[in-house]
Each structure stands twice: as structure tokens, then as C-alpha cells.
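# Coordinate analysis (summary)
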Amino acid sequence: MDPILEQIKPGAPLPPYFYRLKALEAAPLLLGQTLVRRTEEGDIRCRIVETESYGGIEDKGSHAHGGRRTARTEIMFGSGGTAYIYLIYGMYNCLNVVTGTEGDPQAVLIRAVEPLSPADETGMRRYRGTAARKPVDLSGGPGKLCRALDITKALNGLPLAQPGGLLWLEDRPAPNEVIVQAPRVGIAYAEEYAAKPWRFYFRGNPYVSVIDKQAEVWAGSN
DNA sequence: AGTGGGATTCTCT
DNA sequence: GAGAATCCCACTA
């Protein structure tokens, strides 16, 4: 058992030290954890099944590469435990969990989630605004899951560590699934960083956005 | 099942 | 003014 996962207690908020990890450490450990969205209709709980690490100023795939510190990226430079939400392609929001310490821009993109219960799925379908015939249509993709959970830039910068706000993370038991890693999606411009296997997902999970047949089992898993 | 292009607006040069 | 950590529909087969 991973020594960090060992300390995690199901149902509790993710502990503060978790948010100080580097994105590359936090990304696989976020798999299986619960994302909770409080809406006027009630709480929606879902399980994170796919993540990507964007870590440090050296990562050419990151918005903060080269130390680019702008109004948009500022939140990434803060200490971990907040939400970084940005608009992509003019129409889609993407959710990141900021990790790391003050001044070190680390973030984990949440790429896919699955509803924990039929009631959670109903809530997600209400916001999703399309038929979603297959699991991947509902919340398999960073833009899709933000639609399904009504996550917009209005939530940018909010803390994720405390329950009872609009958005937070809770611990779950260690997953039984196999974690694999593969190159990240949509960053062809990132040169030598484009091929780094910094995307993590549960092998065989139907909510995963992009299946990579070359994906290798994560060495850090059991 | 797989491909190709349009949508739409914020962000930074 | 260009381009973006994407999605969806229409089209082919």
C-alpha cells in the first residue's frame, strides 16, 4: 500500500499535506477520490477516474511554463488546495486542483469523473444539457465534467479542502482498479514535454476520455 | 467506427 | 489578432 494512501481516511476531507504534494505525485493519488459539488438541488458526488499533471515552470505544457505569472495563472502560484478553473476554446471550462507550495505552480487537471450513485447521475444529466448515451458522453472529458457539475469560472480560486462550500474533495478507500499512465491530451505544442506520460487513469473505466493502447501500468500502484 | 471542421470568447502579445 | 490543457455534429463507410 502506498504510504500516502495509507494515511487517508474515507469520507474525511483530503488532509492538508496532500495539497502540498507536487502535481506529479498528487495526480495518480487523486484517482478514486470523491469530488463533491453543492448545488441548489443538492450535493452531487462523483469519483475521479482520470487526471493530468501540470507541474512547475519547466513544463512546457503548463500555463505557468517559464514562470508565466499573469492574472489567469496567478492562482497556480499560490499554495495548494484551491481550484484553478479556466475557459478553453471559448466555450468550455476546465477544473484543476492546485497543489504544491507558495511560488511553485503545480496543478492537476481533472479529466473524467463517474457519478457515485444513480441520484448523482441524475443531477449531472440535468446540467449536462445533452443526451449522453454513453458514460464517456456524460463526464468523460474536462469540459464535459464541468458542464455536468455546473462548474464555471465563478468557482475559480475557491478552496477545495473544506467541506460545505460549493466544491470540495473527500477521501475514499484505496481503489481496486489498476492505474495506468499515458501522454497528456491536446498539448502537441509542448515539445519534449508533449510525450511525458503524465496522464493517469483507471484501466477499463468507461468514463475515461481517451483510451491509450500503449498506456503502461503506473509503477507506483500496488 | 472513424474523420473533419466549426463553435466562441478569454487571454496575452 | 492569434491561438487555445475541447466538444459535437455531419458526413463517409
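Please refer to the structure placed before this passage.
Residues numbered from 1 in each chain as written. Chains lettered and ligands numbered in written order. Predicted model: local features only at pLDDT ≥ 70, side-chain atom pairs only at ≥ 80, totals over all residues. Heavy atoms only, no water.

### A closer look at the overall build of chain A
A count of helices and strands for chain A gives six helices and nine strands. Each principal axis of the C-alpha distribution contributes one length, and for chain A these read about 45 × 40 × 35 Å. Partitioning the contacts of chain A with sequence separation of at least 6, the portion at a separation of at least 24 is 63%. When the accessible area of chain A is evaluated, it comes to approximately 10,300 Å², of which 53% is carbon and sulfur surface. For chain A, the centre of its 26 positive side-chain charges and the centre of its 25 negative side-chain charges are spaced 4 Å apart. (Helix = DSSP H or I, 4+ residues; strand = E, 2+ residues; numbered from the N terminus. Contact = heavy atoms within 4.5 Å. Areas by Shrake-Rupley, 256 points an atom, 1.4 Å probe, with all protein chains shown as cover. Lys, Arg positive; Asp, Glu negative; His and termini not counted. Charge placed at Lys NZ, Arg CZ, Asp CG, Glu CD.)

### A look at the protein's contact with DNA strand B
Inspection of the region around DNA strand B gives Arg68, Thr70, Arg72, Leu87, Tyr89, Gly90, Met91 and Lys153 as its neighbouring residues. Counting only atoms of DNA strand B within 4 Å of the protein, the sugar-phosphate share comes to 77%. One of the side-chain nitrogen or oxygen atoms of Arg68 is found 3.4 Å away from a phosphate oxygen of DNA strand B. The contact in question runs from a phosphate oxygen of DNA strand B to an N or O atom on the backbone of Arg72, over 3.5 Å. Looking at the surface near DNA strand B, its residues break down into three nonpolar, two polar and three charged. (Near = heavy atom within 4 Å. Polar contact = N/O pair within 3.5 Å; in protein donor to acceptor, adjacent residues only side chain to side chain. Nonpolar A, V, L, I, M, F, W, Y, C, P; charged D, E, K, R; others polar.)

### Some details on the nonpolar core
Side chains of a nonpolar character, in soluble globular proteins, are inclined to be buried together. Counting residues in hydrophobic clusters, the biggest one holds 44 residues, and the most contacted among them are Leu30, Leu95 and Leu169. Here this core gets five residues from one element, more than from any other, and that element is helix α2 (residues 23-30). Each residue touching Leu95, except ones within four places of it in the same chain, is listed here: Leu35, Ala83, Tyr84, Ile85, Val108, Leu109, Ile110, Cys146, Ile151 and Leu167. Counting residues in hydrophobic clusters, the runner-up holds 15 residues, among them Phe77, Tyr86, Val98 and Trp198. (Core = buried A, V, L, I, M, F, W, Y, C linked by side-chain atoms within 4.5 Å. Buried < 20%, exposed > 50% of the residue type's maximum accessible area, 1.4 Å probe, protein only.)

### Brief notes about helix α4 (residues 118-128)
When α4 is considered as a whole, its buried residues turn out to be Asp120, Gly123, Met124 and Arg128. Taken end-on, α4 shows its buried residues confined to a sector of 140 degrees, consistent with a single buried face. Looking at α4, the residues exposed on the side facing more than 90 degrees away from the buried face are Pro118 and Ala119. (Arc of directions from axis to C-beta.)

### Considerations on the protein's contact with DNA strand C
Of all residues adjacent to DNA strand C, which total 20 residues, the nearest are His63, Tyr86, Asn96, Arg128 and Tyr189. Backbone atoms, meaning sugar and phosphate, form 58% of the atoms of DNA strand C found within 4 Å of the protein. The contact in question runs from a base nitrogen of DNA strand C to an N or O atom on the side chain of Tyr86, over 2.8 Å. For DNA strand C, a phosphate oxygen lies 3.2 Å from a polar atom in the backbone of Pro142. Elements that contribute at least two residues to the surface near DNA strand C include exactly β3 (83-88), β4 (92-98), β5 (106-115) and α6 (142-148).

### Details of the pairing of strand β6 (residues 167-170)
Residues Leu167 and Leu169 point to one face of β6 and Trp168 and Glu170 to the other, with burial holding for every one of them. The pairing of strand β1 (residues 34-39) with β6 spans four bridges and is classified as antiparallel. Among the inter-strand pairings, Arg37 is bridged to a residue of β6, identified as Leu167. (Pairing = 2+ DSSP bridges.)

### Digging into the pattern of salt bridges
The full count for this structure, using the stated rule, is 14 salt bridges. For Arg47, the salt bridge identified is with Glu114, shortest N-O distance 2.5 Å. Of the two residues, Arg47 sits in strand β2 (residues 42-55) while Glu114 sits in strand β5, which places them 67 residues apart along the sequence. Residue class for Arg47 comes out buried when judged on its relative accessible area of 10%. The partner of Arg47 in a salt bridge is Glu177, with the nearest N and O atoms 2.6 Å apart. In this pair, Arg47 is assigned in strand β2 and Glu177 in the loop between β6 and β7 (179-182), connecting sequence segments 130 residues apart. (Salt bridge = Lys/Arg side-chain N within 4 Å of Asp/Glu carboxyl O.)

### Digging into the packing of aromatic side chains
Counted under the stated rule, the structure contains four aromatic pairs. Between Tyr84 and Tyr86, the aromatic rings sit 5.4 Å apart at their centres with planes inclined by 35 degrees, giving tilted as the arrangement. Neither Tyr84 nor Tyr86 differs from the other in exposure class; each is buried. The ring centre of Tyr54 lies 4.6 Å from the NZ or CZ of Arg184, which sits over that ring. If you follow Lys196 out to its NZ or CZ, it ends over the ring of Tyr193, 5.4 Å from the centre. (Phe/Tyr/Trp six-rings, centres within 6.5 Å; stacked < 30°, edge-to-face > 60°. Lys NZ or Arg CZ within 6 Å of the ring centre and 35° of its normal.)

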